[in-house]
Amino acid sequence: MIHIKKIAKKIPKIFICYAALFLCVFMFLGKNINIDTNLNQNNQNNETYADYLSEQTTVPVTSETSSISDNPDIPDNPEVSETFEDLIASESEIIKEPEKIYTLSELDDYSESPESVRYYKQIHLREILISAVGDMTLGSNYTKPYPGSFYEYYDLYGPGYFCENVKHIFNESDCVIANLECTLTDNQDPAIRQDKPYTYKGYNEYASILTAGNIDIVNIANNHTHDYSEEGYNDTIEALIKEGTEYFGNGIALIKEINGIKIGFLGCREGYWRWELQAGLDYLAENNVEVKIVSFHWLVMDERIANQNEVEAAHYAIDNGVDLVIAHHPHVLQGIEIYKGKYIAYSLGNFIFDGNVISDIENRTSIIFQQRFVLYGSEIVDSSINLIPILTTSNMSRNNFRPMLAEGEQKEAILEKIKARSAGYNTFD
């Protein structure tokens, strides 16, 4: 009896021990089951991430994800861009929207790298507006009397007078080009003047007319920049440099960057154009010029239709990469041709000219030729022209060397003149 009582007293203790043992076993087994479940879930996540990375060939596999390299769908050495520049240069599509946009302060505390970073190539359209005018003689012929001459008007009104009526057009342009058809020198030695019927000379200070009128660049490849021999020519170059006016022609190429666009300018004279042009185009190509402009000085004065030699030279230029051809010397307006999508202005006539043909009303009508170039990357994707009719004097009874915009019937007459002289090129419908 006593023995049974002792055993009965021990039963609760035994039950408690077995219960505790059973509870420990149960908790152990439950933990193992949970670990297996988490492992399976992690494996599933790795497989999903591996599938994602297999599509993201621009993202390298890091040490955190290297365990997935056993997956046969993942290349051992995924193709990745080697440099930052390569990433920027490669265009790609958005594959996954970011789940969160981080502020700068959050990024400072964000120690982990994002899964992927995408860069997008951004190519801007660039454009430039070029304006070109005809012949400029900043001076007079040596035989002309002082009264009524260019010299008198300069002495009376100064450098800002001459372009005042059209300066606002030039202000809206990115670059303005003119044909400087004279010598600028203070040298008074008559021995340096060439023996020819017409020699045009201004003084060094007359270069300020160009800067006052917002004319940026001049062509010096013509038959009058050497009217006062090499001495006068060198003085002309020095005067332009002093005023900050750029120039081209006579074997000098000009490369100018405007609005991020590299533009090359070449000037060629009749009789020399083929070798000058080819050498100049080679030079522009070596310097990765994007827009090439050639100014020709050619052929017969007062001719209103371009002859076959002019057409051949202009076509040759465009066939060899020129983007715009403008020309001078006839002192009258000629037609405009579109050849292989490029414009050719066969003669822009006069702009400011104290020459021997000013008595003819034909030569007092001209244009400001404008062309807009639009580039995508380094390719010209669009271009258009605008013709602004002008009169080369603001007093039609006499030449006062002060061009002005043509209006009304005079404006329409100038445009009709250009259309008629362009009829053979099918440029205007």
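Rules and cut-offs
Residues numbered from 1 in each chain as written. Predicted model: local features only at pLDDT ≥ 70, side-chain atom pairs only at ≥ 80, totals over all residues. Heavy atoms only, no water. Salt bridge = Lys/Arg side-chain N within 4 Å of Asp/Glu carboxyl O. Helix = DSSP H or I, 4+ residues; strand = E, 2+ residues; numbered from the N terminus. Buried < 20%, exposed > 50% of the residue type's maximum accessible area, 1.4 Å probe, protein only. Pairing = 2+ DSSP bridges. Axes fitted to C-alpha atoms, helices over the stretch in contact; angles between N-to-C directions. Contact = heavy atoms within 4.5 Å. Core = buried A, V, L, I, M, F, W, Y, C linked by side-chain atoms within 4.5 Å. Arc of directions from axis to C-beta. Expected span 1.5 Å × (residues − 1). Phe/Tyr/Trp six-rings, centres within 6.5 Å; stacked < 30°, edge-to-face > 60°. Lys NZ or Arg CZ within 6 Å of the ring centre and 35° of its normal.

Concerning the pattern of salt bridges
On inspection of all chains with the given rule, the structure shows nine salt bridges. Put simply, R372 and E127 hold a salt bridge, and the shortest N to O gap is 2.8 Å. One end of the pair, R372, is in strand β15 (residues 365-376); the other, E127, is in strand β1 (residues 125-136), and 245 residues separate them in sequence. Judged by its relative accessible area of 38%, E127 is partly exposed. Between D227 and K196 there is a salt bridge; the shortest N-O distance is 2.7 Å. Placement of the pair is D227 in the loop between β6 (217-219) and α7 (229-243) and K196 in the loop between β4 (183-184) and β5 (200-202), with a sequence separation of 31 residues.

Description of the sheet that holds strand β12 (residues 336-339)
Across the sheet, which stays open at both edges, the six strands sit in the order β8-β9-β10-β11-β13-β12 with mixed pairing between neighbours. Each end of this open sheet is capped by a strand with a single partner; those strands are β8 (254-258) and β12. Recorded for the sheet is a direction-independent mean angle of 20 degrees between the axes of neighbouring strands. Here strand β11 (residues 324-328) pairs with strand β13 (residues 342-345) via three bridges, running parallel. For I326, the partnering residue across the bridge sits in β13 and is A345. Against the sheet, helix α9 (residues 308-319) makes contact with β10 (291-297), β11, β12 and β13, and its axis sits at roughly 150 degrees relative to β13, the strand it touches most.

Observations regarding the sheet that holds β4
Pairing within the open sheet is mixed, and its three strands lie in the order β2-β5-β4. Edge positions in the open sheet fall to β2 (140-141) and β4, since each of these has one partner strand only. As judged from the two bridges shared by β2 and β5, these two strands associate in the antiparallel manner. Paired with S140 across the strands is K201, a residue of β5.

Side note on the pairing of β11
With five of five residues buried, β11 is to be regarded as a mostly interior element. Along β11, one buried face is formed by L324, I326 and H328 and the opposite face, lined by V325 and A327, is buried too.

Structural notes on the nonpolar core
Ranked by size, the top nonpolar core spans 38 residues in total, and within it L138, F162, I215, V218 and F351 carry the most contacts. Counting residues per element, the ones that place at least two in this core are β1, α4 (150-157), α5 (167-171), β3 (175-180), α6 (208-212), α7, β14 (350-352) and β16 (379-391). Non-local contacts of I215, meaning those with residues more than four positions away in its chain, are made with M136, C163, F170, V176, A178, L210, T245 and F351. The next biggest cluster of nonpolar side chains, apart from the first, holds 30 residues, and it includes I128, L348, I367 and I414.

Describing the environment of N214
In this fold, N214 is placed in the loop between α6 and β6. Once the C-alpha coordinates of N214 and E164 are considered, the two residues, 50 residues apart in sequence, prove to be 9.9 Å apart. If we skip the residues at most four places from it in the chain, N214 touches K167, F170, N171 and V176.

Re α4
Considered for burial, the residues of α4 that qualify are F150, Y151, Y153 and Y154. All buried residues of α4 project into a common sector of 165 degrees when viewed along the axis, lining one side. Facing away from the buried side of α4, by more than 90 degrees, are the exposed residues D155 and L156. In the core, the buried residues of α4 are packed alongside β2, β5, α6 and β14. G158 sits one or two positions beyond α4 and adopts a positive phi of about 80 degrees.

What to know about helix α10 (residues 408-421)
Note that an α-helix has 3.6 residues per turn; residues three or four places apart therefore point the same way. With 14 residues, α10 extends 20 Å from end C-alpha to end C-alpha; this agrees with the ideal 20 Å at 1.5 Å per step. Three or more residues of α10 are buried, namely I414, K417, I418 and R421. Here the buried residues of α10 occupy an arc of 95 degrees about the axis, which is enough to place them on one side. Every exposed residue of α10 that faces more than 90 degrees away from the buried side is listed here: E409 and A420.

Quick look at the packing of aromatic side chains
Within the structure shown, the criterion is met by 19 aromatic pairs. Ring geometry for Y153 versus Y157: centroids 6.0 Å apart, planes at 35 degrees, classification tilted. Highlighted residues: Y153 and Y157, both in helix α4, separated by four residues, approximately one helical turn. Taking the relative accessible area as the measure of exposure, Y153 reaches 9% and is therefore buried. Geometrically, the ring pair formed by Y161 and F162 is edge-to-face, given 5.1 Å between the ring centres and 80 degrees between the ring planes. For the pair Y161 and F162, a shared accessibility class is recorded, and that class is buried. Every member of this aromatic cluster is reached through a ring pair, and the members are F150, Y151, Y153, Y154, Y157, Y161, F162, Y203, Y206 and F401. Geometry around Y228 places K201 over its ring, the cationic atom sitting 5.8 Å from the centre. R274 extends its terminal NZ or CZ atom over the ring of Y316, reaching a point 4.8 Å from the ring centre.

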